[in-house]
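Architecture at a glance
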Amino acid sequence: MMGGKVMAQQRDELQAERLRLDKGGSRGWLIPGVIGLLGLIAAAVMATSSPEGRTDFFHSYLANFMYFLSLALGGLFFVLIMHLTRAGWSVTVRRIAEVVAWAVVPLSVLAVVILFGMHDLYEWSHAEAVAHDALLQKKQAWLDPTFFAIRLVVYFLVWSLLATYFLRQSRKQDESGDPALTTRMENVAAPGMIAYALTVTFAAFDLLMSLTPHWYSTIYGVYYFAGCILGFFALAPILIAILKRRGFLTRLVTPEHSHDLGKLMFGFVVFWAYIAFSQYLLIWYGNLPEE
């Protein structure tokens, strides 16, 4: 009898848990968004102050863009892998990953800036450079400005569709409680993971590795992916701590969830270091003189 009362009390407490940011969530993005937009405009204006300013601006923009994109892609991977493995423990923290992953939608708009700065970023985008470079001529079919722009659209379209789908289905399940929605998301997660793996790999090749088209590494896509998921596992506990301080998810997200995220972060630190060292070792070994 006493146990039943305790369970009923716990159930009532969980139902009363503050789960939704409501209007406060949208307002919370307004100030950082305005500051970011003003900062971008100021940086673009200052870029015109010197001959090197334009090139410096686009290189700095690309580095920062790829960093924040990696966090969003890490969140998307977390959503996909949790559905793919039917991991029940992550249900209470999965919404955080879904929201972080949805950042690929506004980032897809910001990616247009990279297209404007293509000639300042990529050597292969200059016809005169390709004309006098045998290696670039061999890569010309892939490293073509028009084809590059098309691939970029495809990458962000795939990521945006996946992130939007899982966030919307998850919200629908909050309202209806329909377990069939879980099955649908699990079915989409399998092909979604394949699409994710291909797009992240080739996006890393296109946006970062092609900055130095004479150097290449077949493991570079995995190297960037490792940074994506490691970045998300570092970000998620910070977001959880901020939400808890503001009174959200105080009971549903337990210390065990934080421990699990910490273990995953540690595991992917090792994985990231392993990929980085493997890439370095092969380069070093390839530069050894023949005996």
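Before going into details, it helps to say that this report is about the structure given with it.

What counts as what
- Residues numbered from 1 in each chain as written.
- Predicted model: local features only at pLDDT ≥ 70, side-chain atom pairs only at ≥ 80, totals over all residues.
- Heavy atoms only, no water.
- Patch = residues over 30% accessible without salt bridge, like charges linked within 9 Å, V, L, I, M, F, W, Y side chains within 5 Å.
- Areas by Shrake-Rupley, 256 points an atom, 1.4 Å probe, with all protein chains shown as cover.
- Salt bridge = Lys/Arg side-chain N within 4 Å of Asp/Glu carboxyl O.
- Helix = DSSP H or I, 4+ residues; strand = E, 2+ residues; numbered from the N terminus.
- Buried < 20%, exposed > 50% of the residue type's maximum accessible area, 1.4 Å probe, protein only.
- Axes fitted to C-alpha atoms, helices over the stretch in contact; angles between N-to-C directions.
- Parallel < 35°, antiparallel > 145°, perpendicular 65-115°, else oblique.
- Contact = heavy atoms within 4.5 Å.
- Nonpolar A, V, L, I, M, F, W, Y, C, P; charged D, E, K, R; others polar.
- Core = buried A, V, L, I, M, F, W, Y, C linked by side-chain atoms within 4.5 Å.

Thoughts on a nonpolar patch on the surface
- Together, Leu30, Ile31, Val34, Ile35, Leu37, Leu38, Ile41 and Val45 give the surface a local cluster of nonpolar side chains, amounting to about 800 Å² of exposed area.
- Along the chain, leucine 30 turns up in helix α2 (residues 22-46).
- On the accessibility criterion, leucine 30 (53% relative accessible area) is exposed.

Some points on the packing of helix α11 (residues 180-207) against helix α12 (residues 220-245)
- Running from N to C, α11 and α12 point in directions that differ by 105 degrees, and their axes come no closer than 8 Å. Here α11 lies roughly perpendicular to α12, going by the angle between them. The segment α11 lies against α12, with Tyr196, Val200, Thr201, Ala204 and Phe205 engaging Tyr220, Gly221, Tyr224 and Phe225.
- Taken together, the residues of the contact of α11 with α12 break down into seven nonpolar, two polar and no charged.

A look at the nonpolar core
- Phe65, Leu69, Leu73, Tyr122, Trp159, Tyr196 and Tyr224 are the most contacted members of the largest nonpolar core, which has 69 residues in total.
- The element contributing the most residues to this core is helix α3 (residues 53-84), with 15 residues.
- Setting aside residues no more than four positions away along its own chain, leucine 73 makes contact with Val104, Trp159, Tyr196, Val200, Tyr224 and Cys228.

Regarding the environment of lysine 139
- Mapped onto the secondary structure, lysine 139 falls in the loop between α9 (134-138) and α10 (145-176).
- With 15 residues separating them along the chain, lysine 139 and tryptophan 124 place their C-alpha atoms 8.8 Å apart.
- Apart from residues no more than four positions distant in its own chain, lysine 139 is found in contact with Pro213 and Tyr216.

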